[in-house]
Amino acid sequence: MAWRSTGTSNSELVENMARHGLLKDARVKEAFLNVDRAHYAPEMAYEDAPQPIGYGATISAPHMHATAMENLVDYMVPTANRPAPRVLDIGSGSGYLTHLMAELVGDKGLVVGVEHIKQLKELGEKNMKKSKEGREFVDSGKVKFTVGDGRKGWVEEPREGEEAGGEGWDAIHVGASAKEVHEELLAQLKSPGRLFIPVDDDIGGWDQHVWNIDKDENGKITRTKLFGVRYVPLTDAPKY
């Protein structure tokens, strides 16, 4: 039903996704309503389809972002035990999902977008600053974009007011297909925490599946295969 969610405005796109069962959580729906996809998609912003953004990367279809958000939301919102959620967005690309995540983590939360291509890191920042809310997120330090190898995750010092030693991540989203679940990502995942990641089914093949990988309070890892996808690969930065 994803292809039936296309709208003529941001609100129509979001309402269509909700109507077709792609947005079920009210918190996630509100985040989508608050972030205009037109600031992030190069054209046809409200079409439920992926689009190229340059450098071999794409902005995923809105329904894929909705699926990621629905699977990660419980690890991104503040709670008594998690007053300052920390979220890592690997392959942040256009910055759209990074902004959606920032809508959920609360005033003390942190979202870091990691790109292996400098120009895409700059694109995400530029796009987010198109809105007043996005500019405030970046200027306050609540959202940060950086260049790095997402396969190694990212170590970010706690923001002012956060506990020392809290460099891990409550939620990690990977927006490109990995050849394996990299140990660095598992090590950086908090207990409890969730990693949402597409993984190649076989090296050199075309089949990929998205996995939820959960770490419980005791550090036990549980892996759940969700559905098949077709993502760009999580690889070295291309040489241009």
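That block above? That's the structure.
Quantities reported herein were computed from a predicted structural model and do not represent experimental measurements.

To continue, consider the packing of helix H1 (residues 10–19) against helix H2 (residues 26–34). Axis separation between H1 and H2 bottoms out at 9 Å; the angle between their running directions is 160°. Classified by the interaxial angle, the pair formed by H1 and H2 is roughly antiparallel. Two packed elements cross with a definite hand, and for H1 against H2 that hand is right-handed. Seen from H1, the contacting residues are Asn10, Ser11, Val14, Glu15, Met17 and Ala18; seen from H2, they are Lys29, Phe32 and Leu33.

In this section: the nonpolar core. With 43 residues, the main nonpolar core has Phe32, Met69, Met76, Leu100, Met101 and Val143 as its most contacted residues. Elements with a contribution of two residues or more to this core: H1, H2, strand E2 (57–59), helix H3 (62–76), helix H4 (96–102), helix H5 (118–128), helix H6 (132–140) and strand E5 (143–147). By residue number, the principal contributor to this core is H3, which donates 7 residues. With residues up to four places along the chain from it excluded, the contact list for valine 143 reads Thr98, Ala102, Val111, Met128, Phe137 and Val138.

Residue placement: arginine 135 occurs in helix H6. Sequence separation of arginine 135 and glutamate 125 is 10 residues, and the distance between their C-alpha atoms is 8.7 Å. Contact partners of arginine 135, with chain neighbours within four places excluded, come to Met128, Lys129 and Lys130. Here lysine 129 takes part through its backbone oxygen, which lies 3.0 Å from a polar atom of the side chain of arginine 135.

Among the residues making up H2, those that are buried are Val28, Ala31 and Phe32. With its buried residues spanning 100° around the axis, H2 presents them on a single face. At its buried positions, H2 is contacted by H1, H3 and H4.

At glutamate 70, H3 shows its strongest bend, of approximately 35°. The element H3 is extensively covered by neighbouring structure, given that 12 of its 15 residues are classed as buried. All of the buried residues in H3 are Pro62, Met64, His65, Ala66, Thr67, Ala68, Met69, Asn71, Leu72, Val73, Tyr75 and Met76.

Quick look at the pattern of salt bridges now. A complete count under the given rule lists 10 salt bridges for this structure. For the salt bridge of lysine 121 with glutamate 125, the shortest nitrogen-to-oxygen distance reads 3.4 Å. Of the two residues, lysine 121 and glutamate 125 are both situated in helix H5; the distance of 4 residues between them amounts to about one turn of the helix. One salt bridge in this structure joins lysine 190 and aspartate 170, with 3.6 Å as the shortest N-O distance. With a gap of 20 residues between them, lysine 190 in strand E7 (residues 189–200) and aspartate 170 in strand E6 (residues 169–174) connect regions that are remote in the sequence. With relative accessibility at 25%, the residue lysine 190 sits in the partly exposed group. Here the residues in one salt-bridge network are Asp25, Arg27 and Asp74, joined through shared partners.

Rules used throughout
Residues numbered from 1 in each chain as written. Predicted model: local features only at pLDDT ≥ 70, side-chain atom pairs only at ≥ 80, totals over all residues. Heavy atoms only, no water. Axes fitted to C-alpha atoms, helices over the stretch in contact; angles between N-to-C directions. Helix = DSSP H or I, 4+ residues; strand = E, 2+ residues; numbered from the N terminus. Parallel < 35°, antiparallel > 145°, perpendicular 65-115°, else oblique. Left-handed = near helix turned anticlockwise from the far one by under 90°. Contact = heavy atoms within 4.5 Å. Core = buried A, V, L, I, M, F, W, Y, C linked by side-chain atoms within 4.5 Å. Buried < 20%, exposed > 50% of the residue type's maximum accessible area, 1.4 Å probe, protein only. Polar contact = N/O pair within 3.5 Å; in protein donor to acceptor, adjacent residues only side chain to side chain. Arc of directions from axis to C-beta. Bend = angle between axes of the 7 residues up to and from the residue. Salt bridge = Lys/Arg side-chain N within 4 Å of Asp/Glu carboxyl O.

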